[in-house]
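What follows is the residue order along each chain.
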Amino acid sequence: MAIAAAVTIVPIGLLFFASGLIVNLIQAIIYVTIRPFSKSIFRRINRMVAELLWLELVWIVDWWAGVKVCLYTDPETLEMMGKEHALVIANHKSDIDWLIGWVFAQRSGCLGSTLAVMKKSSKYLPVIGWSMWFSEYLFLERSWAKDETTLKLGLERLKDYPQPFWLALFVEGTRFTQAKLLAAQEYASSLGLPVPRNVLIPRTKGFVTSVSQMRSFVPAIIDMTVALPKDTTPPTMLRLFKGQSSVIHVKVKRHSMKDLPESDEAVAQWCKDIFVVKDDVLDKHRELNAFPDSELVDIGRPLKSLVVVVSWACLIVFGTFKFLQWSNLLSSWKGLTFAGVGLAAVTVLMQILIQFSQADRSTRAKVAPARSNGSTSVQDKQQ
């Protein structure tokens, strides 16, 4: 991390991790004291507490970096967003797609109850991963033999969730890169499938299981198509922390869960067909720099995240000042060393968070060779 970037990133990191540890502590207390007696009350309180942390990241998108998120949708979808349980699927175009989903969740009033299917290592991330664990995110190992039971049990626990939630599932299984696209194209060509141009081929087992488990209590699937306009620098966590803006276009379409086919095979094909359509839609977006078949909606830039961040900043600064005044920590070399170690730790943690989000550090592409002599490729097993 360059020195110039660190000057900006470290103060934000200090605020985020200090406030996040407070949030984690509150979550731990209510988990131990309230959840054993009422899971519903715990979830309602945790929803509000977790939102105080997630709003800081929404603030970075909205106010610090000034990312312009353009929503394209239809009146029916817009009307229902945030008013019902929903399974959210999207193409994984950029490093911050999950954050863009949080922006929409915040606008829809369900940020605190937004969940996601994540890789298992995510829950070990300080502050953000711990908060996700308390909030009942689903963590998988990317081994279906182990993950099938974990996913089913996790989805079953959501049946009695007391407020509308969104559960995000990136069915491509990894972030989009050119290398992964080439692998997907090679795989599709070898099997005579539609060759993707803008998306990866979805891995449908998790989606099929999710639909099977959630049909009875989740009425909708929200399909998000993420696109980057021409001449736009792709957004990354590092760019966000440095206050560098981007523009992102997102088309959102609601599908009724009851309209999906009944059999697992047909549900899997429905998912694949959705991504074939998504591929065509992204071709049109590339030509027109917009989604012409949907209405552009102004989602605004609410003050709530700004108020929360300013409040956290005042609380942390005041608390730190009182602590230093009481402890005289900076009056000795031992205290200065302790403070320096703390700053270094925050810098390292911010670097880990940034690297964790980078596409080139996500799951590597698995090139699936053409079948010969009846053999089965790695990709086939994952489908």
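Bear in mind the structure is a predicted one, so any value in this text is a computation, not a measurement.

A. How the structure looks around the packing of aromatic side chains. Under the criterion given, the structure shown has eleven aromatic pairs. Centroid distance Tyr31 to Trp133: 5.4 Å. Interplanar angle 50°. Geometry classified as tilted. Taken as a pair, Tyr31 in helix α1 (residues 3-33) and Trp133 in helix α5 (residues 128-134) lie far apart in primary sequence, 102 residues in all. Each ring, one from Trp59 and one from Trp64, has its centre 5.7 Å from the other, and the planes form 35°; the classification is tilted. Exposure remark for Trp64: the relative accessible area of 35% places this residue in the partly exposed category. Put simply, the rings of Tyr31, Phe42, Trp133 and Phe134 pair up and form one aromatic cluster. Its guanidinium or amino end placed over the ring of Phe275, Lys278 lies 5.2 Å from that ring's centre, counting from NZ or CZ. Over the aromatic face of Trp63 sits the side chain of Arg301, whose NZ or CZ is 3.9 Å from the ring centroid.

B. Quick look at the sheet that holds strand β4 (residues 138-140). Judged by pairing direction, the sheet is mixed, and its eight strands sit side by side in the order β4-β3-β5-β2-β6-β7-β1-β8 without closing on themselves. A single partner strand is all that each edge strand has here, and the edge strands are β4 and β8 (295-297). Between one strand axis and the next, the sheet turns by 25° as a mean value, whatever way the strands run. Where strand β3 (residues 114-119) meets β4, three bridges bridge the pair, whose relative direction is parallel.

C. Structural detail: helix α4 (residues 97-108). With twelve residues, α4 extends 17 Å from end C-alpha to end C-alpha; this agrees with the ideal 16 Å at 1.5 Å per step. Taken together, the buried positions of α4 are occupied by Asp97, Trp98, Leu99, Ile100, Gly101, Trp102, Val103, Phe104, Ala105, Gln106 and Ser108. Downstream of α4 by one or two residues, Gly109 has phi in the positive range, about 85°.

D. Focus on the pattern of salt bridges. Enumeration according to the criterion identifies 18 salt bridges in this entry. Here Lys304 makes a salt bridge to Glu51, at a shortest N to O gap of 3.0 Å. Of this pair, Lys304 sits in helix α11 (residues 304-327) while Glu51 sits in helix α2 (residues 39-64), placing them 253 residues apart in sequence.

Thresholds applied
Residues numbered from 1 in each chain as written. Predicted model: local features only at pLDDT ≥ 70, side-chain atom pairs only at ≥ 80, totals over all residues. Heavy atoms only, no water. Phe/Tyr/Trp six-rings, centres within 6.5 Å; stacked < 30°, edge-to-face > 60°. Helix = DSSP H or I, 4+ residues; strand = E, 2+ residues; numbered from the N terminus. Buried < 20%, exposed > 50% of the residue type's maximum accessible area, 1.4 Å probe, protein only. Lys NZ or Arg CZ within 6 Å of the ring centre and 35° of its normal. Pairing = 2+ DSSP bridges. Axes fitted to C-alpha atoms, helices over the stretch in contact; angles between N-to-C directions. Expected span 1.5 Å × (residues − 1). Salt bridge = Lys/Arg side-chain N within 4 Å of Asp/Glu carboxyl O.

Honestly, it's all geometry; don't read function into it.
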